[in-house]
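Here's the letter readout for the chains.
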Amino acid sequence: MTKDLSLKNGAPEEETLEIGTPEKGTLGEALRSQGVSRRSFMKFCATTASMMALPPSMIPSIARALEKARRPSVIWLSFQECTGCTESLTRAHTSTIESLIFDSISLDYHHTLQAAAGHGAEAAREAAMEENYGNYLLVVDGSIPLANAGYSTIAGISNLDMLNEAAKGAAAIIAVGTCATYGGIPHANPNPTGAVSVNEIIKDKPIINVPGCPPIPVVITGVLAHYLTFGSIPELDHIGRPKAFYGQSIHDRCYRRPFYDKGQFAETFDDEGAKKGWCLFKLGCKGPTTYNACATTKWNNGTSFPIESGHPCIGCSEPDFWDGGGFYKALSMPTADLSQTAVYAAAGAAAAGVAIGLMNRSKKNTSNKIHVTTTIEDLKK
Amino acid sequence: MNPAGTPQFNIHAGNELTCNVKPILHEIRHALQKLLDSDETSIIDLRSIPLAPGEEETIIETLGRGEVQARLDVLGPSDIYETQYTGVWLVTHYNDSDSIVSRFIEVTEIPDVLKSQREDVVHALDALVTELGTDKT
C-alpha cells in the first residue's frame, strides 16, 4: 500500500495530473465549489498524509484519490459511552483541516451532534440507511449491554437491535473508543450490564477498531481520511487496530526510553528522577504493553502526551485495561490478590501480613528519604 | 540562578540523552546530496518522529533561517522559509486557530506548495477573461 513514490523536481513520476473541472459529486468538486484552491488542497493532502501516518511521498497519490473520492454517508451510533470520544473528536480543535474531513463525509446521523431529535431524527436515520444501503460507513462508540436491553436504549430501541439493523447495510464499521472496541469501562469487573464490544456481536462485516479512552482525535480522522482516500480499510493488527497508528508500543517510541535502558527510574512523582524526566516504569507505566500513537502523534495538536506530562501511561487502548492491576502498580508487580492465594494458611497469612507490612514500611521510609517536599516558593516559580 | 536548597525542574531532555537531533540532521545531509546527484526531493514529517521536549526547537534552531520567507493564507496560515542551508526548507501548516497541524522539512529546490498550481492558473485565466469581458481566443 505504501509504494514509495520518488518525486523528481517536485513532480510525480507518473503521468501528469489531468487539469480541468473536477467531476460532480466528488470531493474535488465540493472543495472547488467552496473556493478551496489547488494550493489549499495540497496543504490539505499533506496534512492528511501526516494524519494517516503515511510517508510524504504519498501526497500526490492522496491528492489524486481525494479529488475523485465520493462523499460517503456516515451513520454514527452512540451506545454505552461517556461521549468522550465524540468530545475528543469535535471539541479538541476547530481545525480547518479536520473540519474539511468532516465536510468530506455526509454525517447523516449522530444523535449527540445533530439538532434533530425524536421520531423525525430516527426516520431520517432510516432513510439515509435505506438510500445508501450497502455503501454507508457505520461508526459506533460505546459498548453494547447484553444483560438487559433496558440498560441502554435510543428511541426505545435497544443498542443490540439498533447495531444489528444498522450493520446489515454498512460497507464497513469503525468502532471508536475502547468501549466499542473491547467493552471499555462498562465491561470492567463485575460488568453489571453485560457490556460487550461491537466485534463480539457483528461477525460478517469488516470492522476497524480505533481504541483509546478516548482515541487521539487525529487517529479517528486519519482512519476516516484513509477510507475516503483509498475506499478500503487500512491494514489491521491481530485485534483489528490500524497498524499505522497502533503498530508500535508506546515504550518503543517513548522519548524517555533511554532512561529505561540505563535503569534510571522515577521512584515517586516528586523525586529527583521525576524532575529529571526519568522513566516512569516503576510508577506504573503501561507503555511496554500498550500500542498507540501517543508518543509520536501526541495530543492537542502535538502538544504533549501523559508520559511527557509526568504521568505513566495507563494503557487505555488495550483490552481490559481497567482490570489491569492498578494504574500505579508497575508491570513487574503481581496483579493477583494475595488474600486469595492458597499458599497463605491462617498462621502463614499473619506472618505474610507482617512481612508485607515491613516491606511496605520500608518502601515508605525509602520514599520519605527521597521525597522532596514542595514548598510554596516552588509553586510560585 | 538556583538558590541553594530549591529543587530544579529539568523537563527538557538534552539531545545527548534521546539522540534524535543528530540523526535527523544527517538525514538532511543525505537528502541534500541526493538533491544534487539526482534532483530528487525529500520530505521529513516531523510529526512522525518521537522527539523529546525541546528537540524540535533544537533542530529548527540549528537549521536557522536563510534568504527566503513566505507566509501563505491557505485553509489557515502556513509559514515556509528556506533555512540557512540552501535547499532545506521548513514548512509549517497551521489551522485557523494558529495551532500547528503539520510540519515538514523539505529538501528541494522549491516546495510544491509555494508554486502556482496549474489548475489555479486555469481558473485565474477564466476569471480574468470574465473581468475583461473579452474572448480568450
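As a reminder, the structure under discussion sits directly above these lines.
Residues numbered from 1 in each chain as written. Chains lettered and ligands numbered in written order. Predicted model: local features only at pLDDT ≥ 70, side-chain atom pairs only at ≥ 80, totals over all residues. Heavy atoms only, no water.

**Structural notes on helix α2 (residues 21-38) of chain B**
Residue and element names in this part refer to chain B. Under the 1.5 Å per step criterion, the end-to-end length of α2 is 26 Å for 18 residues, consistent within 8% with the ideal 26 Å. When we look at burial in α2, the residues that qualify are Val21, Ile24, Ile28, Ala31 and Leu35. Each buried residue of α2 lies within a common arc of 80° when the element is viewed along its axis, so the set occupies one face. Turned more than 90 degrees from where α2 packs its buried face, Lys22, Leu36 and Asp37 sit exposed. Downstream of α2 by a residue or two, Asp39 has a phi angle that is positive, lying close to 60°. (Helix = DSSP H or I, 4+ residues; strand = E, 2+ residues; numbered from the N terminus. Expected span 1.5 Å × (residues − 1). Buried < 20%, exposed > 50% of the residue type's maximum accessible area, 1.4 Å probe, protein only. Arc of directions from axis to C-beta.)

**A short note on the side chain of Thr92 of chain B**
With respect to the helices and strands, the residue Thr92 of chain B is situated in strand β4 (residues 88-94). Of note is the side chain of Thr92 of chain B, whose polar atom sits 3.0 Å from the side chain of Arg103 of chain B. (Polar contact = N/O pair within 3.5 Å; in protein donor to acceptor, adjacent residues only side chain to side chain.)

**Here's the deal with the sheet that holds strand β2 (residues 73-78) of chain A**
Residue and element names in this part refer to chain A. Overall, parallel pairing links the 5 strands, which are arranged β3-β2-β4-β8-β10 in an open sheet. Unpaired on one side and paired on the other, β3 (106-110) and β10 (207-210) mark the two borders of the sheet. Within this sheet the neighbouring strands show an average axis-to-axis angle of 20°, counted without direction. Pairing analysis gives 6 bridges linking strand β4 (residues 136-141) to strand β8 (residues 170-176), with the strands arranged parallel. When the sheet's bridge partners are listed, Val139 is paired in β8 with Ile174. Helix-sheet contacts for helix α7 (residues 159-168) involve β2, β4 and β8, and the interaxial angle to β4 is about 155°. The sheet strands contacting helix α9 (residues 217-230) are β4, β8 and β10, and the helix crosses β8 at an angle near 165°. (Pairing = 2+ DSSP bridges. Axes fitted to C-alpha atoms, helices over the stretch in contact; angles between N-to-C directions. Contact = heavy atoms within 4.5 Å.)

**Digging into the environment of Val139 of chain A**
With respect to the element layout, Val139 of chain A can be found in strand β4. In this view, Val139 of chain A contacts Val74, Ile75, Trp76, Leu77, Ile174 and Val176 of chain A; residues no more than four positions away in its chain are not counted.

**Some remarks on unusual backbone geometry**
All names here are of chain A. Here the amide bond leading from Asn189 into Pro190 is cis, since omega sits at 5°, within 30 degrees of zero. By secondary structure assignment, the location of Pro190 is in the loop between α8 (177-182) and β9 (195-196). Here the phi dihedral of Thr83 falls at roughly 75°; this positive angle occurs in a residue that is not glycine. Along the polypeptide, Thr83 turns up in the loop between β2 and α4 (84-91).

**Some remarks on the nonpolar core**
Residues and elements named next belong to chain A. Within the largest apolar cluster, 65 residues are counted, with the highest numbers of intra-cluster contacts made by Ile62, Leu66, Ile174, Val210, Phe305 and Ile307. With 8 residues, α9 is the largest single contributor of residues to this core. Setting aside chain neighbours within four positions, we find Ile62 in contact with Cys45, Ala49, Met52, Leu54 and Thr229. Judged by nonpolar contacts, the second largest core, of 24 residues, contains Tyr136, Leu138, Ile154 and Ala180. (Core = buried A, V, L, I, M, F, W, Y, C linked by side-chain atoms within 4.5 Å.)

By themselves, these are just geometric observations and shouldn't be taken as functional.
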